[in-house]
Amino acid sequence: MDTRKDGKTPDLSAQEKHEVDRNQPPRAAVLHEIIRTQGNQELERSVAALWWSALAAGLTMGLSLMAMGLLNSRLPEGEAFKVIASFGYCAGFLAVILARQQLFTENTLTAVLPIMSKPTLGNFGRLFRLWGVVLVGNLCGTLLVAYVMLHLPIFDRRTDMAFLEIGRKVMENDTGQMFAKGIISGWMIATMVWMIPSMESAKMWIIILITYLMALGDFTHIVVGSAEVSYLVFAGQLSWEDFWMVFAGPTLAGNIIGGSFIFALLSHAQVRSETGQPSRPHPPGRPDDADDK
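As a starting point, this report considers the structure included with it. (Residues numbered from 1 in each chain as written. Predicted model: local features only at pLDDT ≥ 70, side-chain atom pairs only at ≥ 80, totals over all residues. Heavy atoms only, no water.)

### Looking at unusual backbone geometry
Positive phi, normally seen in glycine, also occurs at Arg100, with a value near 60°. One non-glycine residue with positive phi stands out, namely Asp218, at about 55°. Structurally, Asp218 is set in the loop between helix H11 (203–216) and helix H12 (222–234). (Helix = DSSP H or I, 4+ residues; strand = E, 2+ residues; numbered from the N terminus.)

Take a look at the structure:
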């Protein structure tokens, strides 16, 4: 097959060349700008809007605990069936992200990119306001849903025991493990947020893939984990001190570092290091430019 010296496929029409250009995946800079714009919009939302959306997200994330507990209580014992039960972890993330509710670990990427692009004191203030409101709203929602799931006659005893076992599994980690696994979890959520704009039609599958891997790896997440661990607290099997000092503090720090200081910083550095602009696509019917001669 003959090819030109520049390596391009010969005998393509102007329309075909336009189709090639149009079907190129978006550059990293495009994804960066999409997420940066979304983050800037979040930073400008009112406290009330952030609070109610974050509270709703915390309540919705209870679906992950609920789904895992129901699956674990109804599947036979064994590691193979635990692999199936881990799909329940995806439920809360799917509902929260598709409903566009405020999830703290999403904001460790989206809200941070505007700050990295323009690191002013005002922007840092807006970031900490967003983080504070969303984190408190998420935690209030998850604690409330865990309390309700325990104290109202909703589930049978087998399911209640499965909820307790899920919380105990999380608390098998020491503070160092909570922190290290939280870093991986924060990085994975940031990766998911970065992937979605370029694969909008596959958004659901991206969410399932990333969060399922988080469940399989037992990586710690501040929002889902707060529902799992607070269930133990409300059941009288764990102290609030252990909740905050062993689980919440190290996990929160890990999620922020993984999402903001690793993924967001590296992604921002990558985009800022790119030089030059891509060549413009040929519009349909236009003769080839000098590059094609």
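### Here we look at helix H10 (residues 175–195)
Its 21 residues place the ends of H10 30 Å apart at the C-alpha level, agreeing with the 30 Å of an ideal helix rising 1.5 Å per residue. Looking at where H10 begins, the residue whose side-chain oxygen comes 3.2 Å from the main-chain nitrogen of Gly176 is Asp174. (Expected span 1.5 Å × (residues − 1). Polar contact = N/O pair within 3.5 Å; in protein donor to acceptor, adjacent residues only side chain to side chain.)

### Some thoughts on the pattern of salt bridges
Tallied over the entire structure, the rule returns 7 salt bridges. Residue Glu33 is joined to Arg36 by a salt bridge in which the shortest nitrogen-to-oxygen separation is 2.8 Å. Of the two residues, Glu33 and Arg36 are both situated in helix H2 (residues 28–43); the distance of 3 residues between them amounts to about one turn of the helix. Salt-bridge contacts for Glu165 lead to Arg168; the nearest nitrogen and oxygen are separated by 3.2 Å. Separated by 3 residues within a single helix, Glu165 and Arg168 lie in helix H9 (residues 157–170), roughly one turn from each other. (Salt bridge = Lys/Arg side-chain N within 4 Å of Asp/Glu carboxyl O.)

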